[in-house]
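If you want the building blocks of each chain, they are given just below.
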Amino acid sequence: MNIGFIAHDAKKTLMQNLCVAYRSIFSKHQLYATGTTGRMIEEACGLNVHKYLAGHVGGVQQLVVQIEQNDIDLLIFLCDPLTPKRHEPDARHLIHICDMHSIPLATNLATAEMLIKSLDRGEMEWREIYRKTE
């Protein structure tokens with residue numbers, strides 16, 4: 001499965017901690033992330049992450065294109081609803097794109113953990129079938 005990661009600045013450490021906690025699951029999959037988030041995941045976990053540009057200079061758009069091409073199976077976007085900054089990705093746009101393309105999306109830690117555990121139990125295999133029919 002192809003898993004995408006994006007984190008607002010205030011959530012990057014939380015993303016690192018999440019990836020450390022679920023390293024054994026993530027190590028079985030292909031990982032994609034915006035630049036800084038991807039670098040921080042690699043540093044914390046030693047996992048190989050395909051890194052796009054930084055989110056605010058095109059990395060989010062690169063990930064959106066991959067979603068639109070049905071090449072992402074799950075997106076974890078830890079966003080900070082309290083202190084969004086102009087240069088950070090717009091959560092509403094990513095939610096819209098994921099909804100249009102039936103991509104499971106987590107925007108907070110609780111949902112991320114549920115999706116990760118579901119992935120580990122094999123409950124995301126429908127994405128493989130869905131990807132082949134598109």
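Look up: the structure comes first, before these words.
Residues numbered from 1 in each chain as written. Predicted model: local features only at pLDDT ≥ 70, side-chain atom pairs only at ≥ 80, totals over all residues. Heavy atoms only, no water.

Student: What should I look at first to understand the side chain of His 29 in this one?
Tutor: Mapped onto the elements, His 29 comes out in the loop between α2 (23–26) and β2 (30–33). Residue His 29 is classed as buried on the basis of its relative accessible area, which comes to 17%. From its side chain, His 29 meets the backbone nitrogen of Met 1 in a polar contact 3.3 Å long. If we skip the residues at most four places from it in the chain, His 29 touches Met 1, Ile 3 and Leu 119. (Helix = DSSP H or I, 4+ residues; strand = E, 2+ residues; numbered from the N terminus. Buried < 20%, exposed > 50% of the residue type's maximum accessible area, 1.4 Å probe, protein only. Polar contact = N/O pair within 3.5 Å; in protein donor to acceptor, adjacent residues only side chain to side chain. Contact = heavy atoms within 4.5 Å.)

Student: How do you make sense of the environment of Gln 69 when you look at a structure like this?
Tutor: Within the element layout of this structure, Gln 69 appears in the loop between α4 (59–68) and β4 (74–78). A relative accessible area of 51% places Gln 69 in the exposed class. Once the C-alpha coordinates of Gln 69 and His 8 are considered, the two residues, 61 residues apart in sequence, prove to be 24 Å apart.

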